[in-house]
Amino acid sequence: MDPVGVAAAPDAGPGPAWQSKCPWGAPNTTSMSCSLADVMSEQLAKELQLEEENAAFPEVVAVAEGPFITGENVDTSSDLMLAQMLQMEFDREYDAQLRREEKKINGDSKVSISFENYRKVHPYDSDSSEDEVDWQDTRHDPYRADKPTTTPRRGFIGKGKDITTKHDEVVCGRKNTARMENFAPEFQVGDGIGMDLKLSNQVFNALKQHAYSEERRSARLHEKKEHSTAEKAVDPKTRLLLYKMVNAGMLETITGCISTGKESVVFHAYGGKSTTEDKVIPPECAIKVFKTTLNEFKNRDKYIKDDYRFKDRFSKLNPRKIIRMWAEKEMHNLTRMQTAGIPCPQVVILKKHVLVMSFIGQDQVPAPKLKDVTLSSEDMKKAYYQILNMMQRLYKECNLVHADLSEYNMLWHDGKVWLIDVSQSVEPTHPHGLEFLFRDCRNVSQFFQKGGVAEALNERELFNAVSGLNITADNEVDFQAEIEALEKMNEDHVQNHGKKLSMFSSDGDPPIYDE
């Protein structure tokens, strides 16, 4: 039969009348004539499907590939395949969320919770990313040390020849290896924890001691760097103070360190321009930086806690404030001495624990200490009478006792003696003021007697000459006992009356010794 004739058969003659009037009849549509081979063609079917899609979605020009497209050869024309791929992507995201929740809940707890029963293991999830870790692989981490087997309370496990005690070499070695996790983070233990290493007790104890030593050393270095003034160096806060002084024009430049001591470090600097009209900055300055470590001040609080000028501000619970008060105390003492005309450094400015003073010396060379200079007999005698005069004026006019007077704190410059380091100076009404004065008299008397000054008084005579007290004692023990009795009487008077008035009885002012 001719296929063309079959296709044209319905048009051979008119159909029945009831067929054309039936509402359920097929509508009369004109169709293009084509051959059966064209109808069965796969290419024609795809073209017809594309025409239908364009008619249904005229705005969509092309279908964008989503993240669920896993390959170029995947056929996405099937709705079932699209649904399966979308479901697979959703299951992956759901499983990832479950893993995050499980990790968040468990944390470092020894008892863990598993959401494995809630996972959506999709049968079509055949493609697995290389970056993802399989769910079952997270059960055992090969790089995590296995927990050592606990030994029962009786101290051994097993029976007969298979018995293993808690002192077994293998068991102890594995326990020691696992204990290395408790070392400080700064102590690198390497990858040995994840291996089957067996450390002997001797090796483990040596490593443990070394780890603790390194941890303490690191803490000391951090404390020293952040909070302390090192030898011939300054901490960051002190360095910032010095930079501000230079930037403000108060100091032109800081040349370097000229002296170090137990309590402070002294730097030399060239003075700059004065910020105020009433303050004159000398050409050369000495910067005294009090050390911010408390080791040097732990035995020095007696100089300031009983000083009535600072007693109300002293706090044993906050010892770091002692350092600033120590610098402030030296500034006030130098101001008193300068007002009385005693040769001493001139105060320029005080910033926290940094005190700027005039420089005693010339051209960056500090004046020598009295113990380091070689003087003639005339100069030695001259220096003695100068010091005696300064001690009397310091006691009477400044109402101060040096409390650390010796050849180490006296400079020889321009033919006269200069007093320095008066941060520990106290008033005579201090509970230990007379004891400090007697100690100063002993140091001065011994130094000049060894220097060949025949006119030098002994410590008891010098004490009476400076203080004006007439203590008549045959020996030093009785002399100090009377001094302590006077201090006790004065302290009781101050506590009862609340006034710092001296109750010391004297026979009048002592004669002022002059050169």
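As a reminder, the structure under discussion sits directly above these lines.
Worth saying up front: this structure is predicted, and the values here are computed from it rather than measured. Within every chain, residues take consecutive numbers counted from 1 along the sequence as written. The model is predicted, so local features are restricted to residues of pLDDT at least 70 and side-chain atom pairs to those at 80 or more, both for listing and for counting; the totals for chains, interfaces and linings are taken over all residues. No hydrogens and no water enter the side-chain calculation; it runs on all heavy atoms of the structure.

On to the packing of helix H12 (residues 433-450) against helix H13 (residues 459-467), then. In this analysis, axes come from line fits to C-alpha atoms, helices being fitted only over the stretch in contact, and the angle between any two N-to-C directions falls in the range 0 to 180 degrees. Helix and strand definitions here come from DSSP, where helices need a minimum of 4 consecutive H or I residues and strands a minimum of 2 consecutive E residues; each element is numbered from the N-terminal end. Packing of H12 against H13 leaves a shortest axis separation of 8 Å and a crossing angle of 125°. Considering the angle they form, H12 stands oblique to H13. For the crossing formed where H12 meets H13, the hand is right-handed. For the pair H12 and H13, contact is made by Leu434, Leu437, Phe438, Cys441, Arg442, Val444 and Ser445 and by Glu459, Arg460, Leu462, Phe463, Val466 and Ser467, respectively. Under the scheme applied here, ten amino acids are nonpolar (Ala, Val, Leu, Ile, Met, Phe, Trp, Tyr, Cys and Pro), four are charged (Asp, Glu, Lys and Arg), and all others, including Gly, are polar. Taken together, the residues that form the contact of H12 with H13 break down as 8 nonpolar, 2 polar and 3 charged. Note on terminology: angles under 35 degrees are roughly parallel, angles over 145 are roughly antiparallel, angles of 65 to 115 are roughly perpendicular, and the others are oblique. Handedness of a crossing follows from how the near helix is turned relative to the far one, being left-handed for an anticlockwise turn of less than a right angle and right-handed for a clockwise one. A contact between two residues is defined here by any heavy atoms of the two lying within 4.5 Å.

Listed as buried for helix H6 (residues 169-179) are Cys172, Gly173, Asn176, Thr177 and Ala178. Capping of H6 at its N-terminal end is provided by Asp168; its side-chain oxygen lies 3.1 Å from the backbone amide nitrogen of Val170. Each residue is placed in one exposure class: buried if its accessible area under a 1.4 Å probe, protein chains only, is under 20% of its type's maximum, exposed if it is over 50%, and partly exposed if it falls in between. Counted as a polar contact is a pair of N or O atoms within 3.5 Å, where, for protein atoms, one must be capable of donating a hydrogen and the other of accepting one, and residues adjacent in sequence contribute only when both atoms are in side chains.

It is worth spelling out the side chain of Ser445 at this point. Along the chain, the position of Ser445 falls in helix H12. Residue classification places Ser445 among the buried residues on the basis of a relative accessible area of 0%. Side-chain polar atoms of Ser445 contact the backbone oxygen of Leu457, separated by 2.5 Å. Those residues within four positions of Ser445 in sequence are excluded, and the remaining contacts are Leu457, Asn458, Glu459 and Leu462.

Moving on to the pairing of strand S11 (residues 416-419). Strand pairing is defined by DSSP finding a minimum of two bridges between the two strands. Both strand S10 (residues 410-413) and S11 contribute to a ladder of 4 bridges, which runs antiparallel. In the sheet register, Met410 faces S11, and the bridge partner there is Leu419. Between the end of S10 and the start of S11, which pair antiparallel, lie 2 residues, with Asp414 showing a positive phi angle near 55°.

Turning our eyes to something else, we now look at the environment of Leu242. Turning to its location among the elements, Leu242 is positioned in helix H8 (residues 236-247). Separated by 112 residues in the primary sequence, Leu242 and Val354 have C-alpha atoms spaced 8.4 Å apart.

Now for the nonpolar core. Residues Ile387, Phe448 and Phe463 are the most contacted members of the largest nonpolar core, which totals 55 residues. Looking at this core, you find at least three residues from each of domain 2 (233-366) and domain 3 (368-502). If we skip the residues at most four places from it in the chain, Phe448 touches Leu370, Met380, Ala383, Tyr384, Ile387, Val453 and Ala456. Side-chain atoms within 4.5 Å link the members of a nonpolar core, which is a set of buried Ala, Val, Leu, Ile, Met, Phe, Trp, Tyr and Cys residues. Val234, Met250, Cys285 and Ile287 belong to the second-largest nonpolar core, a separate cluster that totals 17 residues. Domain limits in this description derive from either an automatic procedure or a database domain assignment.

Over its 12 residues, H8 runs 16 Å from end to end, which matches the ideal 16 Å to within 8%, given 1.5 Å per residue. Of the residues making up H8, those classed as buried are Thr238, Leu241, Leu242 and Met245. Each buried residue of H8 sits inside an arc of 95° when the element is viewed along its axis, so together they form one side. Residues of H8 that are exposed and angled more than 90 degrees away from the buried face: Lys237, Lys244 and Asn247. Buried-residue contacts for H8 involve strand S3 (251-260), strand S5 (284-290), strand S6 (347-351) and strand S7 (354-358). In the stretch just after H8, Gly249 is the one whose phi turns positive, near 85°. How far a helix is expected to stretch is found by multiplying one less than its residue total by 1.5 Å. What the arc measures is the spread of directions leading from the helix axis to the C-beta atoms.

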